[in-house]
Amino acid sequence: MTPPAQTETGQRVPEPDRRLPDLSLREAAGTGARHGRSLIRRSWVVLAVVGTLASLIAAGVGQDRTVNAGGLPLVGDFFAAALRPRLDADFLALTANATLTTLGYAVLGTALSLVLGLVGGVLASQTWWRSATRRRRGIRMAGWGMTRTALVVPRGIHEVVWGLFFLSVIGIEPIVAVLAIGIPFGAVTAKVFSEILDETPQRPYTALLAAGSGRGAAMLYGLLPPALPDMLSYSFYRFECAIRSAAILGLLGVGGLGYELSLSFQALLYQEIWTLLYALILLCGAADLWSSAVRARRMAPRRPGSRTSRVVIGSLLAAIALLPISAWIVQLDLSVLGEAGTRELTVQMLGDSWPPDLPSGGWTELLQLAAGTLAMSVLAIALAFLGAVVLAFPAARMSRAGGSPAGRAARLLMIAATRGLLLVLRAIPPPVWALLFLFVLFPGILPGALALGVYTLGVLGRLMAESAENLDDRPLQALRAQGAAALQVFCYGVVPAATPRFVAYGLYRWEVTIRETVVVGVVGAGGLGLLLDQQLATFDYGGAVATLLVFLGLTLLVDLTSAAVRRSLHT
Amino acid sequence: MPEPALFQLQGAGVRFGSIRALTELDLDVGWGERVAVIGPSGAGKSSLIALLNGTLAPTDGQVRVLGRDIAAASGRERRGVQRRLGTIHQQFHLVEQLRAVHNVNAGHLGSWSTARAVLSLLAPRDVGRARQALERVGIGDKLYEHTGNLSGGEQQRVAIARVLVQRPAAVLADEPIASLDPARGREIMDLLHEISRETGTTLLASLHDVDIALERFERVVGLREGRIAFDAAPAALDPAEIEALYALERGAP
């Protein structure tokens, strides 16, 4: 779940001197391996096409029982209301309140995840274990392996599932949203932080250790300062994600924009829905802008002697100030955690949940639903990938020589329009998209896939546009200098350079999408998520655990496939 | 009517904001000439090449290539001129993700239709000429290799093969050997010369290495602080003149 921005290492400049030594290795690899790899890559492409077609069939596309034509007027009404959102003072006040609540959940959830991430990140880093157990390699590997494994489960369970769990033991309390965001985000953050720490040059740290300083102090002085900028930029990225999660968690009833949206949806009050959606789009847009402003400052080359940017410092201060304000806005009450009732319910629930229990349909039902969930994720990512490829280039600010002022203005307009579209697509959370699609489609895989696909298209389109903007411009210049037309430069220069990155982003989002099938399941779109929601609602905890285990297996399968495809990308 | 000079610079200058990269250059380069441009880093060698191949528009004066004022030309006209100029860069500027054959075939882009160019990416066209060109530069066996997997010297050879396929009237080389080791650099330089001699192509190369410039070229242009310091045959050059070119400051001993 690392954001690709973290794994991208910028432009690769060929350095002949450094390339010479590994030349022999490359030659030794020979042509046989080369053809083998290209064959593997081709097989992946075939598999992707076949998988998508199979998923289309599984989703029942082309069959009678998919489209509910009766719902079409509702969709018309819905979009007609976009121009007439409810704007009276009462409702605006309610919207503002809900927006602040969602923001508050996001801030507090991120804060919790950062605390967990820092502690977990140190404990899950090889660096820490290496210096802790200098000579006993076995203990080191076991300790490191165990912490890493311990992070897998909280990371693999989606915020919404955590939310449903805490709801049943704590009840409707603000702390539910904070924990539901903080725990899974904390586990992801811990993994990313540990990787950042391990990638940071180790010499200053080992030098301090050699000089006799304690491990904590050595880390604080030798390891954290160089790692901090990366960790900071990742934290802001997490905050951006937390806002979307907070909105979705609202749908479970803990309040905020998601909660108000679900109420307005139930009453089919489209004008209210649009007011709330506009608020959500604004909030997400603002968070995107803030986060990318901070991260852009981070990425910019630092001149020696220059001080930390004012944007970064101001953002840090603002983030710290937001903490108590958020706690006050959402009326955070920590005491519920210590209550006897909470403890009893937790114990009882844990007792009920073991041994796991199959649903009424047995393994057949579970595996069928798993296959459907997989198909949902495949369709969603196929739609998102194709759409994002189409929209990424018009959305990218790519330097291009010349052009008349009118042409430049037209290009700017196109960039703004595509970026706006992508923002809207990703600001509306998948469950809301799913509710919309359920107007015209019968519950099942298809509405879920469309909802996830449209949302992921918004996310992926932005990632791809940014990556297209960062392409090395020099080969493109060289093509232009010998008289190639714009479209030819695009085909020979832009597409081949962008393809591996685009595919990598698509795979990364596929891993996210399979986890998010839960989110659309909760509103009734189908798959394992729907079953899980029903099981939790009927207190069938044993069944829920079985479903969850199958779901974890499914995410693992997707992760492994994605990793295998990514490996074949590296030539 | 006598043919116009290939490159004609009249009082040409380039400014980036307040910084003058090139100032009042007057330079004529004829058909088939082999010219070396030398000068310290920052003297404006790369800007001069970019000015000649139409990547950079002059802010002052005029640049005529093949008799045409390319700053004033329409996009189509400019591309028509550019198609007849091949450029080789220090950092090769190839698309590393493509196979060598496509990078070589990119030399056709100025003359191919877009449809043909796209189809060729799916199934390479004109493989025969691409293979010939790669064989000419000594790496015929790398036709289907991914360009990023080739060594620096091999990548520069792919870039030269691209120019061969393009069959330009002039080859512009911007520090073509600065990223290579001396032996590899000498081979590349030999290759550029042979090609220029065989086909009668004009060669204009900016170079770090003064010895190679004096040894191999009939005409050497010295650039300093964006101005032409001298423009003469190697035999007519005074060693002191060359030393002055690289002296730290104007007028310093």
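The rules behind these values
Residues numbered from 1 in each chain as written. Chains lettered and ligands numbered in written order. Predicted model: local features only at pLDDT ≥ 70, side-chain atom pairs only at ≥ 80, totals over all residues. Heavy atoms only, no water. Helix = DSSP H or I, 4+ residues; strand = E, 2+ residues; numbered from the N terminus. Buried < 20%, exposed > 50% of the residue type's maximum accessible area, 1.4 Å probe, protein only. Contact = heavy atoms within 4.5 Å. Phe/Tyr/Trp six-rings, centres within 6.5 Å; stacked < 30°, edge-to-face > 60°. Patch = residues over 30% accessible without salt bridge, like charges linked within 9 Å, V, L, I, M, F, W, Y side chains within 5 Å. Areas by Shrake-Rupley, 256 points an atom, 1.4 Å probe, with all protein chains shown as cover. Salt bridge = Lys/Arg side-chain N within 4 Å of Asp/Glu carboxyl O. Domains from an automatic or database assignment. Buried area = accessible area lost by both parts, 1.4 Å probe. Expected span 1.5 Å × (residues − 1). Pairing = 2+ DSSP bridges. Axes fitted to C-alpha atoms, helices over the stretch in contact; angles between N-to-C directions. Core = buried A, V, L, I, M, F, W, Y, C linked by side-chain atoms within 4.5 Å.

Within chain A, the regular secondary structure consists of 23 helices and zero strands. Counting across all 571 residues of chain A, residues that qualify as buried make up 50%. Of all intrachain contacts in chain A linking residues separated by at least 6 positions in sequence, the fraction that spans at least 24 positions is 81%.

Residues and elements named next belong to chain A. Scanning all chains against the criterion turns up 19 aromatic pairs over all chains. Summarising the aromatic geometry, the rings of F265 and F439 are spaced 6.2 Å apart at their centres and angled 40 degrees between planes, so their arrangement reads as tilted. Here F439 lies in helix 18 (residues 430–440) and F265 lies in helix 12 (residues 257–266), a separation of 174 residues in the sequence. Here F439 falls in the buried class, since its relative accessible area comes to 10%.

Here we come to unusual backbone geometry. Residues and elements named next belong to chain B. Positive phi is not limited to glycine here, since D126 has a value of about 55 degrees. Within the secondary structure layout, D126 lies in the loop between helix 4 (114–122) and helix 5 (127–136). Owing to a relative accessible area of 30%, D126 belongs among the partly exposed residues under this scheme. At E225, a residue that is not glycine, the phi angle is positive and equals roughly 50 degrees. Tracing the backbone through its elements, the reader meets E225 in the loop between strand 9 (219–224) and strand 10 (227–232). On the basis of relative accessible area, E225 is assigned to the partly exposed category, the value being 48%.

Once that is clear, we can look at a nonpolar patch on the surface. All names here are of chain A. On the surface, V45, V49, L53, L56 and V61 cluster together to form a nonpolar patch covering roughly 400 Å² of accessible area. On the secondary structure map, L53 appears in helix 3 (residues 23–58). The class of L53 is partly exposed, set by a relative accessible area of 49%.

Before going further, it helps to examine the domain arrangement of chain A. All names here are of chain A. Partitioning chain A into domains gives domain 1 (43–70 + 363–569) and domain 2 (85–300 + 309–350). Look at where the C-alpha atoms of domain 1 and domain 2 centre, and you get two points 24 Å apart. Facing 26 residues of domain 1, the contacting portion of domain 2 comprises 27 residues. Here domain 1 and domain 2 share an interface that buries about 2,400 Å² over both sides, 77% of which is from carbon and sulfur atoms. Across the domain 1-domain 2 interface, the total number found is three salt bridges. As a salt-bridge pair, E240 and R462 come within 2.9 Å of each other at their nearest N and O atoms.

The end-to-end C-alpha separation of helix 7 (residues 137–156) of chain A is 29 Å, in line with the 28 Å expected for 20 residues at 1.5 Å each. All of the buried residues along helix 7 of chain A are R140(A), G143(A), T147(A), L151(A), P154(A), R155(A) and G156(A).

Our next topic: the sheet that holds strand 7 (residues 170–174) of chain B. Residue and element names in this part refer to chain B. Taken in spatial order, the six strands line up as 6-7-8-3-9-10 in an open sheet, and their pairing is mixed. Unpaired on one side and paired on the other, strand 6 (85–89) and strand 10 mark the two borders of the sheet. Across this sheet, the average inter-strand angle for adjacent strands is 15 degrees, counted without regard to direction. Examined bridge by bridge, strand 6 and strand 7 share five bridges and lie parallel to one another. Paired with I88 across the two strands is A173, which belongs to strand 7.

Taken as a whole and assessed by the stated rule, the structure comprises 30 salt bridges over all chains. The shortest N-O distance in the salt bridge between E77(B) and R68(B) comes to 3.2 Å. The closest approach of N and O atoms between R216(B) and D190(B), which form a salt bridge, is 2.6 Å. Residue R216(B) is located in helix 8 (residues 210–216), and its partner D190(B) is located in helix 7 (residues 182–199); the two are separated by 26 residues in the primary sequence. Residue class for R216(B) comes out partly exposed when judged on its relative accessible area of 21%. Each of E240(A), R244(A), D288(A), R426(A), R462(A) and E466(A) takes part in a single network of salt bridges with overlapping partners.

Residue and element names in this part refer to chain B. Read from one edge of the open sheet, four strands run 2-1-4-5, paired in antiparallel fashion. Looking at which strands have only one partner, the edges of the open sheet turn out to be strand 2 (19–29) and strand 5 (68–69). Pairing of strand 4 (residues 60–65) with strand 5, which is carried by two bridges, proceeds in the antiparallel orientation. Directly across from V65, in strand 5, lies its bridge partner R68.

On to the nonpolar core. In this structure, F78(A), I170(A), I243(A), L277(A), W433(A), L460(A) and Y492(A) are the most contacted members of the largest nonpolar core, which totals 153 residues. The biggest single contributor to this core is helix 11 (residues 215–254) of chain A, with 17 residues. Residues lining this core come from more than one domain, with at least three contributed by each of domain 1 (43–70 + 363–569) and domain 2 (85–300 + 309–350) of chain A. If we ignore the near neighbours within four places in the chain, the residues touching I170(A) are I175(A), V176(A), L179(A), V336(A), L337(A) and T342(A). Judged by nonpolar contacts, the second largest core, of 43 residues, contains A36(B), L207(B), F230(B) and I242(B).

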